[in-house]
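Chain and residue survey
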Amino acid sequence: MDELTTFEKRRSRSEVSGVLPVFQTPFDRDCEVDFAALNREIAWLLDGEADGVVFAMVSEILRLSTNERNAVAAAACEYVGERGTSIISVGAESTMLAVAYARHAQSVGAHAVMAAPPALHRVGDDGLFSHFMAIAESVDVPMIVQDASGYVGTSLSIALQTRLHHELGDHCMFKPEAPPIGPRLSQLMGATDGHALVFEGTGGLHLIDSFRRGVIGTMPAADLVWALVALWDALVDSDFDRAYSIAGPLALMVSLQTSLDSYVAIEKHLLVVQGVIESASMRGPVSHGLDDATLAECERLMERLRDVVDGEGVDDEEDLSVS
């Protein structure tokens, strides 16, 4: 009970919490953004009891022009409306551009912005502190600092994150993705006397451990939102038996996603399989190393995950069949 009480107190300090999936940007046959499909995807996520949506790395944000980024950000905030929380990534290689993205995100209704550090060159803690402070001070909504070193760049030091927390308080939150996830999360919580507001950002792979260490939410991909909502609810209810049963097939799924492109490819494929979007198109150049057998395994794992979430048994003979 103490763990849950502490969690509820921590979560109550921010309207941004819970299951916040990063949506996949749908493209049509010409690889243009399909806004109608995006609207359907976001509605599907919210109907699935997501607490909001995030526009970020696996949204293929780095493959969009500035005009496209702003258009998708505005559309996402419009499609979510008052049904949930809208979080817009504003990371850029220059502070000036990141500030411009942040101001635009706030102007179209974002409830928070998320900022990763520049990826193309190494910046010291003082330079990064100035970069993040400029973003935070340019808007009134909270800023989530994303340590995206699981995909790009180098990890952010605990000292830098602690300094930002002490300077900005709850106006600054964190999404740590640098390994080792658990120990670094505990270091951050310890350095901030347990006050840092943190989100799990590894697709749910480390969610159980991260929940025990103090996160207030998770930012998985969109494809398995129904499983992440069930997992999150089980954790909040302290039903760890159910949580571990869901986490097993989920971990196997995430283990097949070994790069940013493979994350996106699998997520879009499963969204197509579920009838959420019509095309799994990605903008090139793409290198993900996936084949038909891998995608078939993803489908089998999704079905197993669905059975676990729905509380149904799994037919081992059927599940292990080769298609």
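What this report covers is the structure whose coordinates are included nearby. (Residues numbered from 1 in each chain as written. Predicted model: local features only at pLDDT ≥ 70, side-chain atom pairs only at ≥ 80, totals over all residues. Heavy atoms only, no water.)

When helices and strands are tallied, the chain shows 13 helices and eight strands. Against the 2.2 N^0.38 benchmark of 20 Å for 323 residues, the chain shows a C-alpha radius of gyration of 19 Å, consistent with a compact globule. Along the longest, intermediate and shortest principal axes, the C-alpha atoms of the chain span 55 × 50 × 35 Å. Element-wise, carbon and sulfur atoms account for 49% of the exposed surface of the chain, whose accessible area totals about 13,500 Å². Separation of charge centres in the chain, based on 22 positive and 49 negative side chains, amounts to 5 Å. (Helix = DSSP H or I, 4+ residues; strand = E, 2+ residues; numbered from the N terminus. Rg over C-alpha atoms; globule rule 2.2 N^0.38 Å. Areas by Shrake-Rupley, 256 points an atom, 1.4 Å probe, with all protein chains shown as cover. Lys, Arg positive; Asp, Glu negative; His and termini not counted. Charge placed at Lys NZ, Arg CZ, Asp CG, Glu CD.)

With that settled, the discussion passes to the sheet that holds strand 3 (residues 85–89). Ordered by their spatial adjacency, five strands build an open sheet running 2-3-4-5-6, and the pairing between neighbours is parallel. Edge strands, defined here as strands with exactly one partner in the open sheet, are strand 2 (52–55) and strand 6 (172–176). Taking the axes of each pair of neighbouring strands and ignoring which way they run, one obtains an average angle of 20° across the sheet. Pairing between strand 4 (residues 112–115) and strand 5 (residues 143–147): three bridges, direction parallel. What sits directly across from V113, in strand 5, is M143. Against the sheet, helix 6 (residues 158–168) contacts strand 5 and strand 6, and its axis sits at roughly 160° relative to strand 6. (Pairing = 2+ DSSP bridges. Axes fitted to C-alpha atoms, helices over the stretch in contact; angles between N-to-C directions. Contact = heavy atoms within 4.5 Å.)

Next up on the list: a negative patch on the surface. The grouping of E49, D51, D233, D237, D239 and D241 at the surface amounts to a negative patch. On the secondary structure map, D233 appears in helix 9 (residues 225–236). Here D233 falls in the partly exposed class, since its relative accessible area comes to 36%. (Patch = residues over 30% accessible without salt bridge, like charges linked within 9 Å, V, L, I, M, F, W, Y side chains within 5 Å. Salt bridge = Lys/Arg side-chain N within 4 Å of Asp/Glu carboxyl O. Buried < 20%, exposed > 50% of the residue type's maximum accessible area, 1.4 Å probe, protein only.)

What follows is about the packing of helix 9 against helix 10 (residues 240–255). Relative to each other, helix 9 and helix 10 sit at 150°, their axes nearing to 8 Å. The angle between helix 9 and helix 10 falls in the class roughly antiparallel. Classified by chirality, the crossing of helix 10 by helix 9 is left-handed. Across the interface between the two elements, A227, L228, A230, L231, A234 and L235 from helix 9 touch F240, R242, A243, I246 and L250 from helix 10. Tallied by class, residues from the contact of helix 9 with helix 10 come to ten nonpolar, no polar and one charged. (Parallel < 35°, antiparallel > 145°, perpendicular 65-115°, else oblique. Left-handed = near helix turned anticlockwise from the far one by under 90°. Nonpolar A, V, L, I, M, F, W, Y, C, P; charged D, E, K, R; others polar.)

The tally for this structure, following the rule as stated, stands at ten salt bridges. A salt bridge links K268 to E60, with the shortest nitrogen-to-oxygen separation between them at 2.6 Å. With K268 in helix 11 (residues 260–273) and E60 in the loop between strand 2 and helix 3 (66–80), this residue pair connects regions lying 208 residues apart in the sequence. With relative accessibility at 0%, the residue K268 sits in the buried group. Owing to a relative accessible area of 3%, E60 belongs among the buried residues under this scheme. Linking R184 and D147 is a salt bridge whose minimum nitrogen-to-oxygen distance equals 3.6 Å.

Under the definition given, this model contains zero disulfides. In this structure C172 is not part of a disulfide, and its nearest cysteine sulfur, from C77, lies 20 Å away. (Disulfide = S-S within 2.5 Å.)

Residue position: P176 is located in strand 6. Accessibility expressed as a relative area gives 12% for P176, which makes it buried. The contacts of P176, once residues within four sequence positions are left out, are D147, I181, V198, F199 and G201.

Relative to the elements of secondary structure, S17 occurs in the loop between helix 1 (2–11) and strand 1 (18–19). Residues S17 and F132, 115 residues apart in the sequence, show an inter-C-alpha distance of 21 Å. Sequence-distant contacts of S17, defined by excluding residues within four places in its chain, comprise R11, D51, F199 and I216.

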